[in-house]
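# Structure at a glance
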Amino acid sequence: MRFLTHRPHLAGKVRTITASICAGFLCVSTASCTSEEANTTHSSSIAHLKMADSYSLKHPVGEGGTEPFIDKMDREPTINIEYFASGQLGKQADMPSIIRSGLADMGVISPSYVSSTFPLSSVGDLPGFSSDSCVTAYALRDLVRPGGILYETELKKMKFLPLWTGSIPGYEAMTGGKSPAHPKSFEGAVLRSTGGALDRVIDQLGAAGVAMPIGDMYEAMARGTVEGTLASPISITPYGLEEVVTDSTLGAAQGNFTFFYGINLDTWNSLTSAQQHKLQEAAEQSQQSVCAKLNESRDASIEEMKKAGVRFHDISANRGEWEKTSTPVLQHWIEDAEKVGLPASAVVREFKSALERHAHRSESAGHAQEG
(Lines give C-alpha, C1' and ligand atoms only; values in the text may rest on other atoms or scores of the structure.)
Protein backbone atom coordinates (compact mmCIF):
# COMPACT_ATOMS: atom_id res chain seq x y z
CA MET A 1 0.00 0.00 0.00
CA ARG A 2 1.23 3.48 -0.81
CA PHE A 3 0.44 6.07 1.87
CA LEU A 4 -0.05 9.46 0.23
CA THR A 5 -0.23 12.57 2.37
CA HIS A 6 -1.35 15.62 0.40
CA ARG A 7 -0.79 19.27 1.12
CA PRO A 8 -2.48 22.28 -0.49
CA HIS A 9 0.42 23.10 -2.81
CA LEU A 10 0.17 19.58 -4.29
CA ALA A 11 -3.46 19.97 -5.38
CA GLY A 12 -2.61 19.48 -9.07
CA LYS A 13 -0.81 16.25 -8.29
CA VAL A 14 -3.78 15.00 -6.30
CA ARG A 15 -6.10 15.43 -9.29
CA THR A 16 -3.67 13.57 -11.54
CA ILE A 17 -3.41 10.64 -9.14
CA THR A 18 -7.17 10.44 -8.54
CA ALA A 19 -7.90 10.49 -12.26
CA SER A 20 -5.50 7.68 -13.04
CA ILE A 21 -5.94 5.11 -10.30
CA CYS A 22 -8.92 3.32 -11.86
CA ALA A 23 -6.93 1.79 -14.69
CA GLY A 24 -6.52 -1.94 -14.07
CA PHE A 25 -7.46 -1.83 -10.36
CA LEU A 26 -10.50 -1.84 -8.11
CA CYS A 27 -11.31 1.76 -7.28
CA VAL A 28 -13.91 2.33 -4.61
CA SER A 29 -13.84 6.13 -4.60
CA THR A 30 -17.14 7.11 -6.17
CA ALA A 31 -15.68 10.47 -7.09
CA SER A 32 -13.45 8.85 -9.71
CA CYS A 33 -14.91 5.45 -10.68
CA THR A 34 -18.11 4.05 -12.09
CA SER A 35 -20.14 1.33 -10.39
CA GLU A 36 -19.40 -0.95 -13.37
CA GLU A 37 -15.66 -0.67 -12.67
CA ALA A 38 -16.21 -1.37 -8.97
CA ASN A 39 -18.27 -4.46 -9.77
CA THR A 40 -15.29 -6.11 -11.51
CA THR A 41 -13.72 -6.78 -8.10
CA HIS A 42 -11.50 -9.82 -7.67
CA SER A 43 -9.63 -10.96 -4.59
CA SER A 44 -6.35 -9.74 -6.08
CA SER A 45 -7.65 -6.21 -6.81
CA ILE A 46 -6.27 -3.14 -5.10
CA ALA A 47 -8.73 -0.90 -3.28
CA HIS A 48 -7.94 2.80 -3.62
CA LEU A 49 -9.41 4.71 -0.69
CA LYS A 50 -9.43 8.47 -0.21
CA MET A 51 -9.30 9.50 3.47
CA ALA A 52 -10.27 12.96 4.76
CA ASP A 53 -9.18 14.13 8.20
CA SER A 54 -9.80 17.33 10.15
CA TYR A 55 -6.77 16.68 12.37
CA SER A 56 -3.07 16.62 11.57
CA LEU A 57 -0.87 13.64 12.36
CA LYS A 58 0.88 15.80 14.98
CA HIS A 59 -2.34 16.24 16.98
CA PRO A 60 -2.85 13.61 19.71
CA VAL A 61 -5.86 12.30 17.76
CA GLY A 62 -3.66 11.82 14.69
CA GLU A 63 -0.62 10.63 16.58
CA GLY A 64 -2.59 8.16 18.67
CA GLY A 65 -5.16 6.96 16.15
CA THR A 66 -4.62 7.81 12.50
CA GLU A 67 -0.87 7.30 12.34
CA PRO A 68 -0.97 3.77 13.85
CA PHE A 69 -3.82 2.94 11.48
CA ILE A 70 -1.82 4.13 8.48
CA ASP A 71 1.34 2.39 9.68
CA LYS A 72 -0.48 -0.93 9.93
CA MET A 73 -2.28 -0.49 6.61
CA ASP A 74 0.98 0.48 4.92
CA ARG A 75 1.97 -3.19 5.10
CA GLU A 76 -1.21 -4.27 3.33
CA PRO A 77 -0.59 -4.55 -0.46
CA THR A 78 -4.27 -4.72 -1.48
CA ILE A 79 -5.28 -1.31 -0.07
CA ASN A 80 -3.96 2.07 -1.18
CA ILE A 81 -4.92 5.14 0.86
CA GLU A 82 -4.71 8.78 -0.24
CA TYR A 83 -4.68 10.72 3.01
CA PHE A 84 -5.73 14.38 3.28
CA ALA A 85 -4.95 15.91 6.69
CA SER A 86 -6.01 19.10 8.48
CA GLY A 87 -9.29 19.76 6.67
CA GLN A 88 -7.85 19.76 3.14
CA LEU A 89 -11.01 18.15 1.76
CA GLY A 90 -13.41 20.13 3.94
CA LYS A 91 -14.29 21.43 7.37
CA GLN A 92 -15.51 19.26 10.24
CA ALA A 93 -19.10 20.34 9.64
CA ASP A 94 -18.85 19.18 6.01
CA MET A 95 -17.47 15.71 6.73
CA PRO A 96 -20.78 13.77 6.68
CA SER A 97 -21.67 15.04 3.20
CA ILE A 98 -18.07 14.61 1.97
CA ILE A 99 -18.09 10.94 2.98
CA ARG A 100 -21.69 10.23 2.00
CA SER A 101 -21.21 11.72 -1.47
CA GLY A 102 -18.05 9.69 -2.08
CA LEU A 103 -15.75 12.70 -2.36
CA ALA A 104 -13.86 10.80 0.33
CA ASP A 105 -14.23 7.12 1.17
CA MET A 106 -13.09 7.48 4.75
CA GLY A 107 -13.06 10.28 7.28
CA VAL A 108 -13.90 11.55 10.76
CA ILE A 109 -17.27 12.77 12.03
CA SER A 110 -17.52 14.90 15.18
CA PRO A 111 -21.14 14.95 16.45
CA SER A 112 -20.75 18.37 18.11
CA TYR A 113 -20.17 19.98 14.72
CA VAL A 114 -23.07 18.19 13.02
CA SER A 115 -25.63 17.90 15.81
CA SER A 116 -28.54 18.60 13.44
CA THR A 117 -27.57 15.54 11.37
CA PHE A 118 -26.49 13.29 14.24
CA PRO A 119 -28.43 14.61 17.27
CA LEU A 120 -28.31 11.37 19.26
CA SER A 121 -24.67 10.58 18.49
CA SER A 122 -23.61 13.53 20.65
CA VAL A 123 -24.58 11.61 23.81
CA GLY A 124 -20.88 11.09 24.62
CA ASP A 125 -20.31 14.86 24.63
CA LEU A 126 -22.78 15.50 27.45
CA PRO A 127 -21.58 16.30 30.99
CA GLY A 128 -22.03 13.96 33.92
CA PHE A 129 -20.58 10.84 32.32
CA SER A 130 -17.03 9.48 32.26
CA SER A 131 -14.08 11.81 31.73
CA ASP A 132 -11.80 8.93 30.79
CA SER A 133 -11.12 8.75 27.06
CA CYS A 134 -10.99 4.95 26.88
CA VAL A 135 -14.19 4.34 28.84
CA THR A 136 -16.16 6.86 26.77
CA ALA A 137 -14.75 5.78 23.40
CA TYR A 138 -15.28 2.06 23.90
CA ALA A 139 -18.80 2.65 25.24
CA LEU A 140 -19.65 4.71 22.18
CA ARG A 141 -18.21 2.05 19.91
CA ASP A 142 -20.81 -0.40 21.22
CA LEU A 143 -23.57 2.01 20.18
CA VAL A 144 -22.23 2.94 16.74
CA ARG A 145 -21.40 -0.54 15.48
CA PRO A 146 -23.95 -2.36 13.27
CA GLY A 147 -26.75 -3.47 15.56
CA GLY A 148 -26.05 -0.63 18.00
CA ILE A 149 -28.77 1.93 18.57
CA LEU A 150 -26.83 4.89 17.14
CA TYR A 151 -25.80 3.00 14.01
CA GLU A 152 -29.31 1.77 13.30
CA THR A 153 -30.96 5.11 14.14
CA GLU A 154 -28.56 7.63 12.58
CA LEU A 155 -25.37 6.41 11.00
CA LYS A 156 -26.64 3.69 8.67
CA LYS A 157 -28.97 5.99 6.75
CA MET A 158 -26.06 8.41 6.29
CA LYS A 159 -24.00 5.57 4.77
CA PHE A 160 -21.36 5.83 7.50
CA LEU A 161 -19.77 2.80 9.15
CA PRO A 162 -17.54 3.71 12.12
CA LEU A 163 -14.24 1.84 12.36
CA TRP A 164 -12.90 3.36 15.57
CA THR A 165 -14.13 5.97 18.02
CA GLY A 166 -12.41 8.50 20.25
CA SER A 167 -13.06 11.05 22.95
CA ILE A 168 -11.09 14.17 23.83
CA PRO A 169 -11.78 13.94 27.55
CA GLY A 170 -12.63 16.06 30.51
CA TYR A 171 -13.97 19.51 29.62
CA GLU A 172 -13.03 22.08 32.24
CA ALA A 173 -14.31 25.62 32.76
CA MET A 174 -11.59 28.16 31.96
CA THR A 175 -11.39 31.93 32.36
CA GLY A 176 -9.08 34.84 31.88
CA GLY A 177 -8.95 36.65 35.18
CA LYS A 178 -11.44 35.21 37.69
CA SER A 179 -12.05 32.03 39.65
CA PRO A 180 -14.14 29.42 37.80
CA ALA A 181 -14.55 27.16 40.85
CA HIS A 182 -18.31 27.71 41.24
CA PRO A 183 -20.83 27.47 38.37
CA LYS A 184 -22.33 30.82 39.37
CA SER A 185 -19.03 32.46 38.37
CA PHE A 186 -20.18 32.25 34.75
CA GLU A 187 -23.54 33.98 34.98
CA GLY A 188 -23.58 36.68 32.30
CA ALA A 189 -20.16 35.72 30.93
CA VAL A 190 -19.39 35.36 27.22
CA LEU A 191 -17.78 31.99 26.51
CA ARG A 192 -16.39 30.45 23.35
CA SER A 193 -18.29 27.32 22.31
CA THR A 194 -17.88 24.49 19.79
CA GLY A 195 -21.64 24.05 19.53
CA GLY A 196 -23.70 20.91 20.08
CA ALA A 197 -23.85 19.64 23.65
CA LEU A 198 -21.49 22.37 24.84
CA ASP A 199 -24.02 25.07 23.93
CA ARG A 200 -26.43 23.43 26.36
CA VAL A 201 -23.88 23.48 29.18
CA ILE A 202 -23.07 27.13 28.59
CA ASP A 203 -26.77 28.04 28.57
CA GLN A 204 -27.27 26.18 31.84
CA LEU A 205 -24.44 28.17 33.40
CA GLY A 206 -26.29 31.36 32.53
CA ALA A 207 -23.55 32.41 30.09
CA ALA A 208 -23.69 33.38 26.43
CA GLY A 209 -21.97 31.11 23.94
CA VAL A 210 -20.05 32.42 20.94
CA ALA A 211 -19.22 29.92 18.23
CA MET A 212 -15.67 30.25 16.96
CA PRO A 213 -12.78 28.00 15.92
CA ILE A 214 -10.37 27.42 18.76
CA GLY A 215 -7.62 28.94 16.59
CA ASP A 216 -9.39 32.31 16.93
CA MET A 217 -9.73 32.13 20.69
CA TYR A 218 -6.31 33.57 21.60
CA GLU A 219 -7.07 36.94 20.03
CA ALA A 220 -10.66 36.90 21.29
CA MET A 221 -9.54 36.39 24.90
CA ALA A 222 -6.67 38.84 24.59
CA ARG A 223 -9.15 41.49 23.43
CA GLY A 224 -11.81 40.53 25.96
CA THR A 225 -14.30 39.51 23.27
CA VAL A 226 -14.79 36.27 25.18
CA GLU A 227 -14.08 35.70 28.86
CA GLY A 228 -13.36 32.01 28.76
CA THR A 229 -14.44 28.64 27.45
CA LEU A 230 -15.28 25.07 28.33
CA ALA A 231 -12.61 22.85 26.82
CA SER A 232 -10.30 19.93 27.42
CA PRO A 233 -6.76 20.91 28.43
CA ILE A 234 -5.65 18.94 25.34
CA SER A 235 -7.13 21.71 23.19
CA ILE A 236 -5.41 24.55 25.04
CA THR A 237 -1.67 24.04 24.74
CA PRO A 238 -1.45 23.40 20.96
CA TYR A 239 -2.75 26.93 20.41
CA GLY A 240 -0.74 28.68 23.13
CA LEU A 241 -3.95 29.50 25.00
CA GLU A 242 -2.23 28.94 28.35
CA GLU A 243 -0.90 32.47 27.75
CA VAL A 244 -4.39 34.00 27.97
CA VAL A 245 -6.20 31.46 30.16
CA THR A 246 -5.39 32.28 33.78
CA ASP A 247 -7.68 29.91 35.69
CA SER A 248 -9.29 26.51 35.18
CA THR A 249 -11.39 24.06 37.11
CA LEU A 250 -9.99 20.61 37.81
CA GLY A 251 -12.54 17.81 37.83
CA ALA A 252 -15.63 19.73 36.73
CA ALA A 253 -16.39 17.02 34.12
CA GLN A 254 -18.45 19.24 31.84
CA GLY A 255 -18.41 16.90 28.87
CA ASN A 256 -16.11 15.53 26.20
CA PHE A 257 -15.51 15.94 22.48
CA THR A 258 -16.21 12.67 20.72
CA PHE A 259 -15.47 11.60 17.16
CA PHE A 260 -15.88 8.59 14.87
CA TYR A 261 -13.42 7.53 12.16
CA GLY A 262 -15.23 5.48 9.57
CA ILE A 263 -15.93 4.54 5.97
CA ASN A 264 -18.65 5.09 3.40
CA LEU A 265 -20.98 2.09 3.61
CA ASP A 266 -21.10 1.61 -0.16
CA THR A 267 -17.31 1.66 -0.24
CA TRP A 268 -17.20 -0.89 2.56
CA ASN A 269 -19.59 -3.22 0.76
CA SER A 270 -17.47 -3.06 -2.41
CA LEU A 271 -14.38 -4.36 -0.58
CA THR A 272 -13.42 -8.00 -0.35
CA SER A 273 -13.88 -9.74 3.00
CA ALA A 274 -10.09 -9.93 3.33
CA GLN A 275 -9.76 -6.15 2.81
CA GLN A 276 -12.53 -5.50 5.34
CA HIS A 277 -10.73 -7.71 7.84
CA LYS A 278 -7.46 -5.80 7.38
CA LEU A 279 -9.21 -2.46 7.95
CA GLN A 280 -10.90 -3.81 11.08
CA GLU A 281 -7.59 -5.09 12.44
CA ALA A 282 -5.96 -1.71 12.00
CA ALA A 283 -8.99 0.09 13.45
CA GLU A 284 -8.96 -2.16 16.52
CA GLN A 285 -5.39 -1.12 17.23
CA SER A 286 -6.25 2.57 16.82
CA GLN A 287 -9.27 2.22 19.10
CA GLN A 288 -6.95 1.52 22.03
CA SER A 289 -3.94 3.60 21.06
CA VAL A 290 -5.90 6.82 20.51
CA CYS A 291 -7.70 6.71 23.85
CA ALA A 292 -4.47 5.94 25.70
CA LYS A 293 -2.75 8.83 23.92
CA LEU A 294 -5.58 11.25 24.71
CA ASN A 295 -5.59 10.35 28.41
CA GLU A 296 -1.82 10.81 28.48
CA SER A 297 -2.04 14.10 26.57
CA ARG A 298 -4.64 15.50 28.95
CA ASP A 299 -2.36 14.93 31.94
CA ALA A 300 0.63 16.39 30.07
CA SER A 301 -1.37 19.46 28.99
CA ILE A 302 -2.46 20.14 32.57
CA GLU A 303 1.15 20.08 33.69
CA GLU A 304 2.17 22.37 30.84
CA MET A 305 -0.59 24.81 31.75
CA LYS A 306 0.50 24.81 35.38
CA LYS A 307 4.08 25.57 34.37
CA ALA A 308 2.77 28.52 32.35
CA GLY A 309 1.10 29.90 35.48
CA VAL A 310 -2.50 28.74 34.99
CA ARG A 311 -4.21 28.27 38.36
CA PHE A 312 -6.24 25.04 38.68
CA HIS A 313 -9.15 25.10 41.11
CA ASP A 314 -10.21 21.85 42.78
CA ILE A 315 -14.01 21.85 42.60
CA SER A 316 -14.53 19.22 45.35
CA ALA A 317 -16.22 21.72 47.64
CA ASN A 318 -18.62 22.71 44.84
CA ARG A 319 -19.03 19.29 43.21
CA GLY A 320 -22.72 19.18 44.10
CA GLU A 321 -23.30 22.50 42.32
CA TRP A 322 -21.52 21.31 39.18
CA GLU A 323 -23.57 18.10 39.23
CA LYS A 324 -26.74 20.19 39.50
CA THR A 325 -25.64 21.87 36.27
CA SER A 326 -25.08 18.58 34.47
CA THR A 327 -28.40 16.95 35.39
CA PRO A 328 -30.74 19.46 33.65
CA VAL A 329 -28.48 19.56 30.59
CA LEU A 330 -28.99 15.82 30.11
CA GLN A 331 -32.70 16.02 30.85
CA HIS A 332 -33.30 18.84 28.37
CA TRP A 333 -31.28 16.96 25.74
CA ILE A 334 -33.57 13.95 26.18
CA GLU A 335 -36.76 16.04 26.16
CA ASP A 336 -35.83 17.99 23.04
CA ALA A 337 -34.92 14.84 21.11
CA GLU A 338 -38.04 12.94 22.13
CA LYS A 339 -40.28 15.83 21.12
CA VAL A 340 -39.30 15.08 17.52
CA GLY A 341 -39.63 11.33 17.93
CA LEU A 342 -36.02 10.34 18.64
CA PRO A 343 -35.32 7.55 21.18
CA ALA A 344 -33.07 9.63 23.42
CA SER A 345 -33.96 7.86 26.68
CA ALA A 346 -33.08 4.51 25.13
CA VAL A 347 -29.76 5.91 23.88
CA VAL A 348 -28.87 7.20 27.37
CA ARG A 349 -29.79 3.87 28.97
CA GLU A 350 -27.63 1.94 26.52
CA PHE A 351 -24.77 4.41 26.87
CA LYS A 352 -24.83 4.16 30.68
CA SER A 353 -24.84 0.38 30.40
CA ALA A 354 -21.90 0.48 27.98
CA LEU A 355 -19.98 2.81 30.31
CA GLU A 356 -20.40 0.26 33.10
CA ARG A 357 -19.20 -2.56 30.83
CA HIS A 358 -16.07 -0.62 29.95
CA ALA A 359 -15.34 0.95 33.35
CA HIS A 360 -12.35 -1.39 33.70
CA ARG A 361 -10.65 0.45 30.85
CA SER A 362 -10.25 3.65 32.82
CA GLU A 363 -6.79 5.11 33.26
CA SER A 364 -6.98 4.55 37.01
CA ALA A 365 -7.85 0.88 36.42
CA GLY A 366 -4.73 0.46 34.27
CA HIS A 367 -6.50 -0.24 30.96
CA ALA A 368 -7.24 -3.90 31.46
CA GLN A 369 -7.00 -6.02 28.33
CA GLU A 370 -10.01 -6.27 26.11
CA GLY A 371 -12.36 -9.15 26.60
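The present account deals with the structure reproduced in this document. (Residues numbered from 1 in each chain as written. Predicted model: local features only at pLDDT ≥ 70, side-chain atom pairs only at ≥ 80, totals over all residues. Heavy atoms only, no water.)

A few words on the packing of aromatic side chains. Applying the stated criterion to the full structure yields seven aromatic pairs. Measuring from ring centre to ring centre gives 5.6 Å for Tyr113 and Phe257, while their planes differ by 75°; the resulting arrangement is edge-to-face. Separated by 144 residues along the polypeptide, Tyr113 in the loop between β4 (106–109) and α5 (133–144) and Phe257 in strand β11 (residues 257–264) bring together distant segments of the chain. The partly exposed category is assigned to Tyr113, whose relative accessible area is 31%. (Phe/Tyr/Trp six-rings, centres within 6.5 Å; stacked < 30°, edge-to-face > 60°. Helix = DSSP H or I, 4+ residues; strand = E, 2+ residues; numbered from the N terminus. Buried < 20%, exposed > 50% of the residue type's maximum accessible area, 1.4 Å probe, protein only.)

With that out of the way, let us pick up the packing of helix α11 (residues 319–339) against helix α12 (residues 344–357). Packing of α11 against α12 brings their axes to within 8 Å, and their N-to-C directions diverge by 135°. Accordingly, the angle class assigned to the pair α11 and α12 is oblique. Together, Leu330, Trp333, Ile334, Ala337 and Glu338 of α11 and Ala344, Ser345, Val347 and Val348 of α12 make up the contact between the two elements. Classifying every residue of the contact of α11 with α12 gives seven nonpolar, one polar and one charged. (Axes fitted to C-alpha atoms, helices over the stretch in contact; angles between N-to-C directions. Parallel < 35°, antiparallel > 145°, perpendicular 65-115°, else oblique. Contact = heavy atoms within 4.5 Å. Nonpolar A, V, L, I, M, F, W, Y, C, P; charged D, E, K, R; others polar.)

Taken as a whole, this structure holds 13 salt bridges when the rule is applied. With its nearest N and O atoms 2.8 Å apart, the salt bridge here joins Arg357 to Asp142. Of the two residues, Arg357 sits in helix α12 while Asp142 sits in helix α5, which places them 215 residues apart along the sequence. A residue is classified by how much of its surface remains accessible, and Asp142, at 23% relative accessible area, is partly exposed. Between Asp266 and Lys159 there is a salt bridge, with the nearest N and O atoms lying 3.1 Å from each other. Linking Asp266 in helix α9 (residues 265–270) with Lys159 in the loop between α6 (149–155) and β5 (160–168), this pair joins segments that are 107 residues apart in sequence. By relative accessible area, Asp266 is classed as partly exposed at 39%. Exposure remark for Lys159: the relative accessible area of 31% places this residue in the partly exposed category. A single network of salt bridges, built from pairs that share partners, joins Glu63, Lys293 and Glu296. (Salt bridge = Lys/Arg side-chain N within 4 Å of Asp/Glu carboxyl O.)

Below, the discussion takes up the pairing of strand β6 (residues 172–175). Where burial is concerned, the two faces of β6 agree: the one with Glu172 and Met174 and the one with Ala173 and Thr175 are both buried. Relative to strand β9 (residues 228–231), β6 runs antiparallel, the two sharing four bridges. Across the sheet, residue Thr175 finds its bridge partner in β9, namely Gly228. Looking at chain direction, β6 and strand β10 (residues 247–250) are connected through two bridges and run antiparallel. (Pairing = 2+ DSSP bridges.)

This part is about the sheet that holds strand β12 (residues 311–314). Spatially, six strands are ordered β8-β7-β9-β6-β10-β12 in an open sheet, and the strand pairing comes out mixed. The outermost strands of the open sheet, each flanked by one partner alone, are β8 (208–211) and β12. Here the strands of the sheet are splayed against their neighbours by 30° on average, with no regard to which way each runs. With two bridges connecting them, strand β7 (residues 190–193) and β9 associate as parallel partners. Residue pairing for β9: Leu191 is matched across the bridge by Gly228. Contacts between helix α7 (residues 197–204) and the sheet are confined to β7, β8 and β9, with β7 contributing the most and set at about 170° to the helix.

Judged by nonpolar contacts, the single largest core of 82 residues is most densely connected at Phe69, Val123 and Trp333. The biggest single contributor to this core is α12, with seven residues. Not counting the four nearest positions on each side in its chain, Phe69 is found in contact with Met51, Ile81, Met106, Trp164, Leu279, Ala282, Ala283 and Ser286. Listed in part, the 16 residues of the second largest apolar core include Met174, Met217, Met221 and Ile302. (Core = buried A, V, L, I, M, F, W, Y, C linked by side-chain atoms within 4.5 Å.)

Here α11 spans 31 Å end to end across 21 residues, near enough to the 30 Å set by a 1.5 Å rise per residue. Residues of α11 that are buried: Trp322, Thr325, Ser326, Pro328, Val329, Leu330, Trp333, Ile334 and Ala337. Buried residues along α11 sit against β6, α7, β10 and α12. Of the residues one or two after α11, Gly341 is the one with positive phi, at around 85°. (Expected span 1.5 Å × (residues − 1).)

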